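The primary structure of each chain is shown beneath.
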Amino acid sequence: MILLCSAAAGLQAADRSPNIVILFADDLGYGDLSSYGHPLIRTPNLDALGAAGQRWTDFYMAASVCSPSRGALLTGRLPNRTGLYGRRIGVFFPDAQTGMPQEERTLAEALGEVGYRSAIIGKWHLGDAPEYLPTRHGFHYWYGIPYSNDMDWADGRNFDELIAMRLAGQGEELEKVYEARQALYADPRIEYWNVPIWRSVRTETGYNNTLVERPARQTELTRRYTEEAIGFIERNRTRPFFLYVPYSMPHTPLFRSEAFAGRSPGGRYGDVIEEIDWSVGAIVRRLQSLGLADDTLVLFTSDNGPWLTMNEHSGSAGPLRHGKGTTFEGGMRVPAVFSWPGRLKPGVVSDIGSALDVFVTALALAGADPTGVTDGFDLSATLLEGAPSPRTEMPYYRQGELRAYRQGEYKLHLITEGAYGQPPERTEHEPPLLYRLSDDPGENVEVSAQNPEVVAGILSAIERHRANLTERPPLFDARLTP
Ligand code: MG
């Protein structure tokens, strides 16, 4: 009987809108998968997915830290447009008074308009106040944590206290708190944090929230997300669904289940990535066994580059410069693997793509209403036919400021700055710095003097970009106003 139901669902599925599955790692670097060149970490499932589908070499997030990157993925709009950024505070922290603005139309809402069921299994990080949780933004189901796995420290110092210390000029005391915490990341234990796991279900009349566990048993997170994701797929096999799985890993503190501990030649970080790879494989195999694989577009990518100051607990940006927090390539360019068996034109795509394009592309594939201002391009012809990507430019924002701009193979830096205390110090460049990414992805060789016409061309592109951008004030900084 079960087999018959499954076959019937498979037949119906042939004519329906595709399921959309986004598997979204946290702080996974450009160089962290075998297929992107890592010498030790083994990622056979992701490598196979990319080999049969499309593996993109030049795919960008709209920000190099969590909250603004996630806001842009779910709306197709730049952080400056949605207000999901801060000039002084980079991301949302626990007990935020704000969150994703209600007027933003998320991918879950847009797909819901054409009958999709939507779930988020994992980290939200777009506001933890009740009115801002995912089930208020179009998702029918959420299982996961409201912010990063290292927020909500159990050391008795909450974020407001730390802000108060900073505002009161107690820099030295603040440094001591950060130093003590840095040491705990190196040998993390579950009890160092007090992060909750929530389950939230949208009902006819409102929402039903349950606190599943606090503190989260972080060793179990990747495995449980996988089980929850598979459960959602099984429950919704007969209708189109949108499944968004923002893994909590490999954001530090690094945790993995018993089965993966000590297994990777790539150390603890490798264990964590290999468990994510296992998770991707388990989800894809379940889609296959339910007969849904041919009706499902899967995207695996990461919210930003590696958090390099975490040393051996950090990933690698491979050949790219710097990492998380910066507008160098290592901060914003990430692996991106697309799969849709029988539909995608397989291959390696070296055109430019962005998380900003996912919203528009998914709407096009689902036949949903594309009305509304976004910063995205419809990549479906590139995915389905191998056509050139409609995106030829990419802005690089950090904390509300346009720091760099890519046009074709060239990238112009207006401002460069390291992150988390790493060099280089903030420098405004006049004239700006130019790099040719096609033969210098590491941004080592400055070529503005040889290419004045390229510099002028990118400066005009920046003017056009700015003229088209209506900005909102930075929501994250609201925290600094009592
Ligand atoms: Mg992140």
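What counts, and at which threshold
Residues numbered from 1 in each chain as written. Predicted model: local features only at pLDDT ≥ 70, side-chain atom pairs only at ≥ 80, totals over all residues. Heavy atoms only, no water. Core = buried A, V, L, I, M, F, W, Y, C linked by side-chain atoms within 4.5 Å. Buried < 20%, exposed > 50% of the residue type's maximum accessible area, 1.4 Å probe, protein only. Helix = DSSP H or I, 4+ residues; strand = E, 2+ residues; numbered from the N terminus. Contact = heavy atoms within 4.5 Å. Pairing = 2+ DSSP bridges. Axes fitted to C-alpha atoms, helices over the stretch in contact; angles between N-to-C directions.

Undergrad: What am I meant to see in the nonpolar core here?
TA: Side chains that are nonpolar tend, in soluble globular proteins, to be buried together. Leu-23, Ile-121, Leu-243, Val-280 and Phe-300 are the most contacted members of the largest nonpolar core, which has 59 residues in total. If you list the elements that add at least two residues to this core, you get strand 1 (19–25), helix 2 (44–52), strand 3 (117–121), strand 4 (141–144), helix 8 (221–235), strand 7 (241–246), helix 9 (267–289) and strand 8 (296–302). In terms of residue count, helix 9 provides more of this core than any other element does, nine residues in total. Not counting chain neighbours up to four residues away, the residues in contact with Leu-23 comprise Val-245, Tyr-247, Val-280, Ile-283, Val-298, Leu-299, Phe-300 and Thr-301. Membership of the second largest hydrophobic core comes to 48 residues, among which are Leu-126, Phe-139, Leu-344 and Leu-383.

Undergrad: Sorry if this is basic, but what is going on with the sheet that holds strand 8 here?
TA: Adjacent strands of a sheet pair through backbone hydrogen bonds, lying either parallel or antiparallel. Across the sheet, which stays open at both edges, the 10 strands sit in the order 6-5-4-3-7-1-8-9-2-10 with mixed pairing between neighbours. For this open sheet the edge positions go to strand 6 (207–213) and strand 10 (347–354), each flanked by a neighbour on one side alone. Sheet twist, expressed as the average angle between the axes of neighbouring strands with direction ignored, equals 15°. In the sheet, strand 2 (residues 54–60) pairs with strand 9 (residues 333–339) via five bridges, with the strands oriented antiparallel. What sits directly across from Tyr-60, in strand 9, is Arg-333.

Undergrad: Help me out: how do you make sense of the sheet that holds strand 14 (residues 427–436) in this one?
TA: Read from one edge of the open sheet, four strands run 11-12-13-14, paired in antiparallel fashion. Two strands lie at the open edges of the sheet, namely strand 11 (393–398) and strand 14, each paired on one side alone. This sheet shows a mean twist of 20° between the axes of neighbouring strands, independent of strand direction. Bridge analysis of strand 13 (residues 410–416) against strand 14 gives six bridges, and the strand direction is antiparallel. Across the sheet, residue His-413 finds its bridge partner in strand 14, namely Leu-433. Packed on one face of the sheet, helix 13 (residues 452–467) meets strand 11, strand 12 (401–407), strand 13 and strand 14 and runs near 125° to strand 12.

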